Amino acid sequence: MRADVLVLFGATGDLARKKLLPALYRLAAAGRLGVPVVGVAFSDWDDARLRGYAVEAAEGTEDRGDGTALKELAGSLAMVSGDHRDPATFAAWPGGWRRWARHGRRTAWPSLLGCFRW
């Protein structure tokens, strides 16, 4: 099953830097990423800052960063700043979910599971 987008809540935090972004880099290096990754966080970051953060995280791995995989990872990233509990954060996305949706499916990889009501 393929997803249209992977949403990474808490994208600017330590868990993302130490574990999640390096894991996404490894997926890119294996040719398995293949979806846009949207970072959501309170931090007032733009796409470029998230991309730099992800590249730094990937370069800190044992692999030391494959140029092609780094480019794929950085190119897949977009940033949404705001409170994940506030619906206005998601309503304000440029193009909303449609910007990333290709097949009408979505997936989320929240690093903040405990604060969501499913």
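Scroll up to find the structure this text is about.
Residues numbered from 1 in each chain as written. Predicted model: local features only at pLDDT ≥ 70, side-chain atom pairs only at ≥ 80, totals over all residues. Heavy atoms only, no water.

Colleague: Sorry if this is basic, but what is going on with the overall build of the chain here?
Modeller: Secondary structure summary: the chain contains four helices and four strands in total. Each helix and strand of the chain, ordered N terminal to C terminal, gives the series β-α-β-α-α-β-α-β. Counting only residues that meet the buried cut, the chain has 40% of its 118 residues in that class. For the chain, restricting intrachain contacts to residue pairs at least 6 apart in sequence, the fraction spanning at least 24 positions comes to 81%. Total accessible area computed for the chain in this model is approximately 6900 Å², and 51% of it derives from carbon and sulfur atoms. (Helix = DSSP H or I, 4+ residues; strand = E, 2+ residues; numbered from the N terminus. Buried < 20%, exposed > 50% of the residue type's maximum accessible area, 1.4 Å probe, protein only. Contact = heavy atoms within 4.5 Å. Areas by Shrake-Rupley, 256 points an atom, 1.4 Å probe, with all protein chains shown as cover.)

Colleague: What is the right way to look at helix α1 (residues 14-29) in this model?
Modeller: One full turn of an α-helix is made of 3.6 residues, so residues set three or four places apart face in the same direction. Taking 1.5 Å per residue as the helical rise, α1 with its 16 residues ought to reach 22 Å, and the 22 Å between its terminal C-alpha atoms agrees with that figure. Along its length, α1 reaches its greatest deviation from straightness, about 35 degrees, at Leu-20, and the proline Pro-22 lies no more than four positions downstream. Buried within α1 are the following residues: Ala-16, Leu-20, Leu-21, Pro-22, Leu-24, Tyr-25 and Ala-28. Contacts made by the buried residues of α1 are with β1 (6-9), β2 (37-41), α2 (47-59) and α3 (67-76). (Expected span 1.5 Å × (residues − 1). Bend = angle between axes of the 7 residues up to and from the residue.)

Colleague: Got a minute to help me understand the pairing of β1 in this structure?
Modeller: On a regular strand, each side chain points to the face opposite its neighbour's, so the side chains alternate between the two faces of the sheet. With burial as the criterion, each face of β1 is covered, one bearing Leu-6 and Leu-8 and the other bearing Val-7 and Phe-9. In this sheet, β2 lies alongside β1 in parallel orientation, the contact comprising four bridges. When the bridges of β2 are listed, Leu-8 appears paired with Gly-39. (Pairing = 2+ DSSP bridges.)

Colleague: For this particular structure, what's the right way to read the packing of aromatic side chains?
Modeller: Any two aromatic rings considered together are summarised by their centre-to-centre distance and by the angle between their planes. Across all of its chains, the model carries one aromatic pair by this definition. Measuring from centroid to centroid gives 4.9 Å for Trp-45 and Tyr-53, while their planes differ by 80 degrees, and the two rings are edge-to-face. Side by side, Trp-45 and Tyr-53 carry an identical accessibility label, which is buried. (Phe/Tyr/Trp six-rings, centres within 6.5 Å; stacked < 30°, edge-to-face > 60°.)

Purely geometric stuff here, so don't read any function into it on its own.
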